[in-house]
Amino acid sequence: MQTEKEIIKPACAEVNRPFPEEVVCPSCGAEVEVWSDEEEPRCTACGAELKKED
Ligand SMILES: [Zn+2]
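Quick notes on the rules
Residues numbered from 1 in each chain as written. Predicted model: local features only at pLDDT ≥ 70, side-chain atom pairs only at ≥ 80, totals over all residues. Pairing = 2+ DSSP bridges. Helix = DSSP H or I, 4+ residues; strand = E, 2+ residues; numbered from the N terminus. Buried ≥ 20, exposed ≤ 12 C-beta atoms within 10 Å, placed from the backbone.

**Q** Go over the pairing of strand 2 (residues 31–35), please, and point to the residues and values.
**A** Relative to strand 2, strand 1 (residues 20–24) runs antiparallel, the two being bridged by five bridges. By the bridge assignment for strand 2, Glu21 is matched with Val34. Hairpin remark: strand 1 followed by strand 2, antiparallel, with six residues in the connecting loop; positive phi at Gly29, about 85°.

**Q** Which residues make up the environment of Glu21, and what are the values?
**A** Topologically, Glu21 is positioned in strand 1. The class for Glu21 is partly exposed, based on 15 C-beta atoms found within 10 Å.

**Q** Go over the environment of Glu38 with me, naming the residues and quoting the values.
**A** Mapped onto the secondary structure, Glu38 falls in the segment after strand 2. Linking Glu38 and Pro20, residues 18 residues apart in sequence, is a C-alpha distance of 9.6 Å.

Structure, rendered in structure tokens:
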């Protein structure tokens, strides 16, 4: 199975595109990948709401 992440874009094209961020869940401590355009990110391990740092 192929993923879209294999497509490499120039840096200038990234400005308005969502990007993944590593967030540590405050509830269970799992490292969760949160996308910058997610409004209500949740931990994939325990389902807790995650806060993004801006
Ligand atoms: Zn969690």
